[in-house]
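Close look at the chain arrangement
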Amino acid sequence: MKIEKISRYTLVGLIVLSIVLFVLFFLIGWENDFIGDKNVPLLTDVVLFYMYALVFATAGVCIWAVARGISSNKGVDSTAITGVPGKKIMLGTIVLLIASLGIGAATGLNEEPYRFANGTVTSAGWVTVVDAFMVSIGLLFIIAAAAVAISMTGILTKSATK
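Residues numbered from 1 in each chain as written. Predicted model: local features only at pLDDT ≥ 70, side-chain atom pairs only at ≥ 80, totals over all residues. Heavy atoms only, no water.

**A word on the overall build of the protein**
Assigned secondary structure in the protein consists of 5 helices and 4 strands. Taken from the N to the C terminus, the helices and strands of the protein come in the order α-β-β-α-α-α-β-β-α. Summing over all exposed atoms, the protein offers an accessible surface of approximately 13200 Å²; the carbon and sulfur share of this is 73%. (Helix = DSSP H or I, 4+ residues; strand = E, 2+ residues; numbered from the N terminus. Areas by Shrake-Rupley, 256 points an atom, 1.4 Å probe, with all protein chains shown as cover.)

**Observations concerning helix α5 (residues 124-153)**
Side chains three or four residues apart in an α-helix point the same way, a direct result of the helix having 3.6 residues per turn. Over its 30 residues, α5 runs 44 Å from end to end, which matches the ideal 44 Å to within 8%, given 1.5 Å per residue. For α5, the complete set of buried residues consists of Val127, Thr128, Ala132 and Ser136. Looking at the buried positions of α5, the neighbouring elements they touch are α4 (86-107), β3 (114-115) and β4 (121-122). The first or second residue beyond α5 is Gly154, which carries a positive phi of 80 degrees. (Expected span 1.5 Å × (residues − 1). Buried < 20%, exposed > 50% of the residue type's maximum accessible area, 1.4 Å probe, protein only. Contact = heavy atoms within 4.5 Å.)

**Considering the packing of α4 against α5**
Axis separation between α4 and α5 bottoms out at 7 Å; the angle between their running directions is 135 degrees. By the angle between their directions, the pair α4 and α5 is classed as oblique. With respect to the hand of their crossing, α4 and α5 are arranged in right-handed fashion. Contacts from Leu96, Leu97, Ser100, Leu101, Ile103, Gly104, Ala105 and Thr107 in α4 reach Thr128, Asp131, Ala132, Phe133, Val135, Ser136, Leu139, Leu140 and Ile143 in α5. Of the residues belonging to the contact of α4 with α5, the class tally is 11 nonpolar, 5 polar and 1 charged. (Axes fitted to C-alpha atoms, helices over the stretch in contact; angles between N-to-C directions. Parallel < 35°, antiparallel > 145°, perpendicular 65-115°, else oblique. Left-handed = near helix turned anticlockwise from the far one by under 90°. Nonpolar A, V, L, I, M, F, W, Y, C, P; charged D, E, K, R; others polar.)

**A word on unusual backbone geometry**
Even without glycine at this site, Asn110 takes up a positive phi of about 60 degrees. The topology assignment puts Asn110 in the loop between α4 and β3. Exposure remark for Asn110: the relative accessible area of 76% places this residue in the exposed category.

**A word on the layout of surface pockets**
Empty space within the second largest pocket amounts to approximately 310 Å³. Along the walls of the second largest pocket sit Ile3, Ile6, Ser7, Thr10, Leu11, Leu14, Leu54, Ala57, Thr58, Val61 and Cys62, which together make up its complete lining. Counting only elements with at least two residues in the lining of the second largest pocket, the list comes to α1 (3-27) and α2 (44-72). With 6 residues, the top contributor of residues to the lining of the second largest pocket is α1. Here the residues of the lining of the second largest pocket are counted per class, giving 8 nonpolar, 3 polar and no charged. (1 Å grid on protein atoms, 1.4 Å probe; cavity = no way out; pocket = protein on both sides within 12 Å on 5 of 7 lines; lining within 4 Å. Points joined across faces, edges and corners; volume = space filled by probe spheres on them.)

**Notes on a nonpolar patch on the surface**
A cluster of nonpolar side chains, namely Val12, Val16, Val20, Leu24, Ile28 and Leu42, defines an oily patch on the protein surface of about 460 Å² accessible area. Along the polypeptide, Ile28 turns up in the loop between α1 and β1 (30-35). Assessed through its relative accessible area of 33%, Ile28 is described here as partly exposed. (Patch = residues over 30% accessible without salt bridge, like charges linked within 9 Å, V, L, I, M, F, W, Y side chains within 5 Å. Salt bridge = Lys/Arg side-chain N within 4 Å of Asp/Glu carboxyl O.)

**Regarding the packing of α1 against α2**
Relative orientation of the contacting elements α1 and α2 amounts to 160 degrees, with a least axis distance of 9 Å. Overall, the two elements α1 and α2 adopt an arrangement that is roughly antiparallel. Between α1 and α2 the crossing geometry is left-handed. Residue-level inspection shows Leu14, Leu17, Ser18, Leu21, Phe22 and Phe25 of α1 in contact with α2, the latter providing Thr44, Val46, Val47, Tyr50 and Leu54. For the contact of α1 with α2, the per-class residue count stands at 9 nonpolar, 2 polar and no charged.

Now the structure itself:
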């Protein structure tokens with residue numbers, strides 16, 4: 001089976017599973033336990049474990065792909081073959097990640113400890129860490145969406161006839 005078919009079936013399967021899970025999450029009843037002034041859905045744990053499983057599976061596949069790419073490209077200059085500057089892209093991605101985390105940390109400095117309605121207190125340091133990650137996720141999402149939009153327009157595509 002070609003890799004494109006496997007990829008398509010995996011994507012469609014995960015989309016269907018996600019839709020079914022979230023529909024069940026909203027349709028199945030609620031616990032009577034309150035966290036602060038919020039009522040808790042019964043399938044909250046299932047949704048959280050599903051997200052954790054997706055994150056770990058994605059990380060595992062990424063690590064496998066990087067290891068496979070490194071082992072198959074030993075001694076080969078992929079830039080000369082494909083024209084894609086992989087080292088520059090990797091360096092740019094790492095710099096972008098570090099910059100987004102730095103911006104997130106700078107925006108979350110001097111946070112106050114957070115007190116939940118049930119009396120639990122989260123230290124200011126952890127509030128800063130959460131803020132840094134949330135800002136970083138937002139920035140990286142915007143940049144990724146812009147990159148996809150630019151790549152879909154074909155502005156940066158080199159034509160073989162030029």
